[in-house]
Amino acid sequence: MKSLATALTLTIIFGATAMAQTWDPETQLKIKALATPRVSPDGKRMVYTVNEAVMTDDKSEFVTQIWMANLATKQNTQLTFGEKSSTNPKWSPDGNWIAFTSNRKDNRNNLYLLNVNGGEAEPLTELKSAVNNFHWSPDGRSIAFTMNDPKPEEEEKNDKGKNDWRWVDENLKMARLYVISVQKDGNGKREPRKLTTGNYHVNDFDWSGDGSRIAFSHVKSPVVNDWPTADVSIIEVANGNVTALANTPAAETAPRYSRDGKSIAVIASDAPPTWAGFNIIQIFSATGGQPKKVVPSFDAQPAIAGWSADGKRIYFSEAKGTGTQIYALDVAANRIDEVKTTPVVVSGIDLNHSATTFGFVGQTSDTPAEVFVASVSDLTPVQITKANADLKVPPVGRTEVVTWKSKDGKQIEGLLTYPVGYQAGQRVPLILNIHGGPAGVFQQAYIGGRGVYPLATFASRGFAILRPNPRGSSGYGAEFRRANMRDWGFGDYQDLMAGVDRVIEMGVADPERLGVMGWSYGGFMTSWIVTQTSRFKAASAGAPVTNLMSFNGTADIPAFVPDYFGGQSWEVMDLYQKHSPMFNVKGVTTPTMIQHGEADIRVPISQGYEFYNALKVKGVPTRMLVLPRQPHGPTEPKMQLAAMKANLDWFEKYIGSKRETSRN
């Protein structure tokens, strides 16, 4: 099975002649993103989505369309078109229909049906709210979906009349579970039937094999901070009767019925739930009772792909180091086996209705994402798409895994990207790029894609980039992920500095031309680093947490920092101050740019303003880029482009080719 690594690496096909001369942010925005690969029940076809940037004088958005591929001929055909997105395609159990969501009418997601043999898509719903997720019933006669409560007429009237004051955490719009018939009734209509009416918010769900029940996870409200309240219940589709399945101090999510309907797999957190997380698979009898607890996985963050056809195995995936690992849980033996070992980053793993074929998206550092399939029987990956082959982009800088020991001896891993055409012995400017989370992880994903940091462009301009996975990261086990508790900015800081020292020792980095950048927690670490050392000549902090006290009081996740630091700010005030960049800003001299989304509720923009204004008062060279309408990460292509260009210009000015002239 380990031969899958070599096969997948070799079969990612990308490239063409007449390539562009060099990378730039505009080129990176042209890379298409592929997602939701789903193989038909008979294993002969696949649907997936392609997402592209659309930018005109009056438009800036990412638009998604649905494609279908013949797996034998690898012929790919676009199924949906238009200015609006079509997403989340799913096969009917007989393989004759595709249901999907689209915002093509009133910019609100509704359900549509498309006959795979041809014809126009037909709207299945016309709702006042929007469809979140949906699943076909096993017999293909119905579709269950979730939808948040729509605004009543009086509330819509007040919105239009600007009488739209509100009370915080009140009048919340819960997501309910509905079911709708695929066939029209005698009046030529399809009326959704509401299944859940309780005072809870429905998240994920799954049908039983006979279609009589639905297992669903739910939380007490749609407020993101309430995720630890997740439980799993079962509802009878015919009469709406609800019984609890998993209702403990842990957070229980992602129920998945076995193919025979006798068992339900659930993801359960530690109890009480922690933000760093320790999740395991539990297996319940569909009739209830105590679960069978399964041996923990390597990283304790399993994402279930599906049950095997015979119900003997559960397939799941999770991060492992800088790659992705797919596993098979042997239910009877309570044993976890590696299905695939490879540095290739795999996402969107889906097992088809007949449990014969996996679909997934695969990519490496130097090859963009494409769609693959693999038979459950032999697991040999077959590339189905070449969606990015016509872009004719230039080569990217080489990326390799590097390891080093931190100050306390802890082994740390990261990714080092060299400048394009790098020759051994050259000393080049180095940018330290820090991931978010803190439980994020840098994996060997394609460096030429979109985002706020144009890595391929940096490498083409002569920069090296180091992307470490310091303590607190995912992919290295739960103990490693929890190794930064009550310690932000200390042990992880030493991990990062030791990584920079390692690249200098390798003869790659010029110690006089160092830069640092990161978003979210990476922005926290960037802000923290410039309060601790002047070795970096430029810094870019994206959506940075700069003051743990004010962050905890204004973010949409007020339980987050207390979980990591063992108490509220008024309980452990010394810790909040000790670990906040704002309380250590006195000695900063590094030119620092701030980038922040104006609509960010995860890390409110006030965090960026606090640091920016402090730097201005101190006379430190600084700029702050405000991204209108943007949440925690920019979602509009023009805003991503602005962030990429600003980062490129900032580091070019202070440590790149423009360094000397910019300082004269």
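Just so it is clear, the model here is predicted, and its values are computed rather than measured.

Visitor: Please clarify how the packing of aromatic side chains should be interpreted in this entry.
Guide: The geometry of two aromatic rings is summed up by the distance between their centres and the angle between their planes. Per the stated rule, a full pass over the model turns up 25 aromatic pairs. Judged by centre distance (5.3 Å) and plane angle (80°), the rings of tryptophan 275 and phenylalanine 560 are edge-to-face. Here tryptophan 275, found in the loop between strand E18 (263-268) and strand E19 (280-285), pairs with phenylalanine 560, found in helix H9 (residues 560-565); they are 285 residues apart in sequence, far enough to count as distant. The exposure class assigned to tryptophan 275 is partly exposed, which follows from its relative accessible area of 21%. Aromatic ring contacts, followed pair by pair, group Trp227, Trp275, Trp488, Phe490, Tyr521, Phe524, Trp528, Phe560, Tyr564, Phe565 and Tyr576 into a single cluster. For the cation-ring pair, arginine 104 lies above tyrosine 112, with the distance from its terminal atom to the ring centre recorded as 4.7 Å.

Visitor: Even after reading the chapter, I still don't get the packing of helix H6 (residues 491-505) against helix H7 (residues 521-532), so can you show me in this structure?
Guide: Helix-helix packing is characterised by the crossing angle of the two axes and by the distance between the axes. Where H6 meets H7, the axes come as close as 11 Å, and the angle between the chain directions of the two elements is 80°. Judged by the inter-axis angle, H6 sits roughly perpendicular to H7. Residue-level contacts link Asp492, Tyr493, Leu496 and Met497 of H6 to Tyr521, Met525, Trp528, Ile529 and Gln532 of H7. The residue makeup of the contact of H6 with H7, split by class, is 7 nonpolar, 1 polar and 1 charged.

Visitor: Looking at this model, I keep getting lost on the pairing of E19. Mind explaining?
Guide: Across a regular strand the side chains alternate sides, sitting on one face of the sheet and then on the other. Counting buried positions along E19 gives 5 out of 6 residues, so the element sits mostly inside the fold. The pairing of E19 with strand E20 (residues 292-293) spans 2 bridges and is classified as antiparallel. Paired with isoleucine 283 across the strands is lysine 292, a residue of E20. Linkage of E19 to E20, two consecutive antiparallel strands, is achieved through a turn of 6 residues, within which glycine 288 is found at a positive phi near 105°.

Visitor: Which parts of the structure should I look at to understand the pairing of strand E15 (residues 231-236)?
Guide: Burial of E15 is extensive: 5 of the 6 residues sit out of reach of the surface. As paired elements, strand E14 (residues 213-219) and E15 share 6 bridges and run antiparallel to each other. Looking at E15, one finds that alanine 215 is bridged to isoleucine 234. Sheet analysis places E15 next to strand E16 (residues 242-246), joined by 4 bridges and oriented antiparallel. Bridge assignment links isoleucine 235 to a residue of E16, and that residue is valine 242. With antiparallel pairing between neighbouring strands as the criterion, E15 and E16 make up a hairpin whose turn holds 5 residues, including glycine 240 at a positive phi of roughly 80°.

Visitor: What exactly am I supposed to notice about unusual backbone geometry here?
Guide: One can expect most non-glycine residues to show negative phi and most peptide bonds to be in trans. Here alanine 271 and proline 272 are connected by a cis peptide whose omega angle stands at -5°. In this fold, proline 272 is placed in the loop between E18 and E19. In this structure, the amide linkage connecting glycine 437 to the following residue, proline 438, adopts the cis form with an omega of 15°. Mapped onto the elements of the fold, proline 438 is located in the loop between strand E31 (428-434) and helix H4 (455-460). Although it is not a glycine, threonine 36 sits at a positive phi angle of roughly 40°. With respect to the secondary-structure elements, threonine 36 resides in strand E1 (residues 33-39). Owing to a relative accessible area of 23%, threonine 36 belongs among the partly exposed residues under this scheme. The phi dihedral of aspartate 106 is positive, around 60°, even though this residue is not glycine. The exposure class of aspartate 106 is exposed, given its relative accessible area of 58%.

Reading guide: rules and limits
Residues numbered from 1 in each chain as written. Predicted model: local features only at pLDDT ≥ 70, side-chain atom pairs only at ≥ 80, totals over all residues. Heavy atoms only, no water. Phe/Tyr/Trp six-rings, centres within 6.5 Å; stacked < 30°, edge-to-face > 60°. Helix = DSSP H or I, 4+ residues; strand = E, 2+ residues; numbered from the N terminus. Buried < 20%, exposed > 50% of the residue type's maximum accessible area, 1.4 Å probe, protein only. Lys NZ or Arg CZ within 6 Å of the ring centre and 35° of its normal. Axes fitted to C-alpha atoms, helices over the stretch in contact; angles between N-to-C directions. Parallel < 35°, antiparallel > 145°, perpendicular 65-115°, else oblique. Contact = heavy atoms within 4.5 Å. Nonpolar A, V, L, I, M, F, W, Y, C, P; charged D, E, K, R; others polar. Pairing = 2+ DSSP bridges.

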